[in-house]
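# Report on the structure
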Amino acid sequence: MNSDSAVFFTRFSPASVIQVTGDDALTFLQGQFTQELRGPSPALCAYGLWLNQKGKVIADSYALREGDAWWLVSAASTAKEILDRLSAYIIADDVDPLDTTARWGIYLISGASAAKSLERAGVRLPASDEWARWEGAFVFREQRSSDARWFIVSPVEADAQISSALLSVGMQEIGLERLELERIELRLPRVPTDIGPNDLPNEGGLETLAVSYSKGCYLGQEVMARLHSMGQVRRRLLRVRGEGPAPAAGVPLYSGEKKIGETRSAASTGVGFVALAMINLFSLPPDRRASLTPNGPATILIDEPAP
């Protein structure tokens, strides 16, 4: 979607920005989060998941360390989803999670020259697994994608100042619809819309991005370890394309009369649609074609190879 030189930004409200404090904050979060949170970096930034006992995905977030406190930031998983998940396991721990979501906005910057443009705007960019401060905001890389994408999580009162700085270096503001199209084209799952409480991280391709197989025990870790040793899962979130309007979430996909999957999220391309769909890999048709009705016309193309 992006040219080599164009850089875009979209601003929207975060789904959750939660501050976690208390003497037991690190120990508690380490035992709940799928990613490693111990390390030498004082500005650690890690993308990971919050699972249930069966290893199914409840929510995702970035975990940012600031001194003895932590910030849990998610663009799509709500504060309620994360807080409910945390609260269920806080027993005698000195842990205090606080929902601060209303105080923040999010900018997502994308484009091959995004880093250079941010530096021209005065941003000191952090290492890939760290965050940095700029005008009171958190700045960190979108760790799920090899594309050039950055987050700025900004106090709402700094919105005008940050927008002006981004526009001043030639960035172009785009809307949420175009951002959603980019997300789906890059096959980046939205949690829990695309990967949720009925799904395993591996089914969304998140096992190498969001799950540590070397850290100690955390909720859902035994399931992750078994999957790691077993290999391939039976289902996978794949990108599909078709003609006509974008289908709603949960629309079945068929090969002949057999259901082989369902759509999760979709966006219009102007000449059709692109979507993320959960596909049964053992029912994948050889021609990689599917239909929206049993024995219907096979107008849906599964346009990427199965892992």
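Residues numbered from 1 in each chain as written. Predicted model: local features only at pLDDT ≥ 70, side-chain atom pairs only at ≥ 80, totals over all residues. Heavy atoms only, no water.

With that settled, the discussion passes to the overall build of the protein chain. A tally of helices and strands in the protein chain yields seven helices and 17 strands. Its C-alpha atoms give the protein chain a radius of gyration of 20 Å, near enough to 19 Å, the size a compact globule of 307 residues would have. On the principal axes, the C-alpha backbone points of the protein chain span a range of 60 × 50 × 30 Å. Expressed as a percentage of the 307 residues in the protein chain, the buried residues total 52%. When contacts within the protein chain are restricted to residue pairs at least 6 apart in sequence, long-range pairs at least 24 apart make up 68% of them. Taken as a whole, the protein chain presents about 13400 Å² of accessible surface, with 51% of it coming from carbon and sulfur. The positive charge centre, built from 31 side chains, and the negative charge centre, built from 37, are 5 Å apart in the protein chain. (Helix = DSSP H or I, 4+ residues; strand = E, 2+ residues; numbered from the N terminus. Rg over C-alpha atoms; globule rule 2.2 N^0.38 Å. Buried < 20%, exposed > 50% of the residue type's maximum accessible area, 1.4 Å probe, protein only. Contact = heavy atoms within 4.5 Å. Areas by Shrake-Rupley, 256 points an atom, 1.4 Å probe, with all protein chains shown as cover. Lys, Arg positive; Asp, Glu negative; His and termini not counted. Charge placed at Lys NZ, Arg CZ, Asp CG, Glu CD.)

A word on the environment of Glu262. Residue placement: Glu262 occurs in strand E14 (residues 258-268). A sequence separation of 104 residues divides Glu262 from Ala158, and the C-alpha atoms of the two residues are 41 Å apart. Of note is the side chain of Glu262, whose polar atom sits 3.0 Å from the side chain of Arg264. (Polar contact = N/O pair within 3.5 Å; in protein donor to acceptor, adjacent residues only side chain to side chain.)

Here we take up a negative patch on the surface. Among the surface-exposed residues, Asp23, Asp68, Asp93, Asp94 and Asp96 lie close enough to one another that they form a single negatively charged patch. Note that Asp93 resides in the loop between helix H2 (79-87) and strand E6 (96-99). On the accessibility criterion, Asp93 (30% relative accessible area) is partly exposed. (Patch = residues over 30% accessible without salt bridge, like charges linked within 9 Å, V, L, I, M, F, W, Y side chains within 5 Å. Salt bridge = Lys/Arg side-chain N within 4 Å of Asp/Glu carboxyl O.)

Now for helix H7 (residues 221-230). All buried positions along H7 are accounted for by Val223, Met224 and Leu227. Take H7 and look down its axis: the buried residues cluster within an arc of 100°, on one side only. In this structure, H7 carries Glu222, His228 and Ser229 as exposed residues pointing more than 90 degrees from its buried face. Summarising the contacts, the buried residues of H7 are in contact with strand E3 (45-51). Gly231 sits one or two positions beyond H7 and adopts a positive phi of about 100°. (Arc of directions from axis to C-beta.)

A few words on the nonpolar core. Formed by 39 residues in total, the largest nonpolar core has its most connected members in Leu49, Leu64, Phe138, Phe140, Val153 and Met224. The biggest single contributor to this core is E3, with four residues. One finds Ala114, Leu118, Val123 and Ile152 within the second-largest nonpolar core, a separate group that totals 21 residues. (Core = buried A, V, L, I, M, F, W, Y, C linked by side-chain atoms within 4.5 Å.)

Further remarks concern the sheet that holds strand E5 (residues 69-74). In sheet architecture, strand pairing relies on hydrogen bonds along the backbone and comes in two forms, parallel and antiparallel. Read from one edge to the other, the open sheet built from five strands follows the order E3-E4-E5-E2-E6, with strand pairing classed as antiparallel. Unpaired on one side and paired on the other, E3 and E6 mark the two borders of the sheet. Neighbour-to-neighbour, the strand axes of this sheet turn through a mean angle of 30°, independent of strand direction. Pairing of E3 with strand E4 (residues 57-66), which is carried by seven bridges, proceeds in the antiparallel orientation. Its bridge partner being in E4, Leu51 is matched across the sheet by Val57. (Pairing = 2+ DSSP bridges. Axes fitted to C-alpha atoms, helices over the stretch in contact; angles between N-to-C directions.)

The next subject is the layout of surface pockets. In this structure, the largest pocket spans a volume of roughly 370 Å³. What lines the largest pocket is a set of 23 residues, among which Phe12, Ala75, Ala76, Phe151 and Arg190 lie closest to the centre. Of all the secondary-structure elements, those providing two or more residues to the lining of the largest pocket are E4, E5, strand E7 (104-110), strand E10 (149-155) and helix H5 (176-185). Ranked by residue count, the leading element in the lining of the largest pocket is H5, at four residues. Partitioned by chemical class, the residues of the lining of the largest pocket number 14 nonpolar, two polar and seven charged. (1 Å grid on protein atoms, 1.4 Å probe; cavity = no way out; pocket = protein on both sides within 12 Å on 5 of 7 lines; lining within 4 Å. Points joined across faces, edges and corners; volume = space filled by probe spheres on them. Nonpolar A, V, L, I, M, F, W, Y, C, P; charged D, E, K, R; others polar.)

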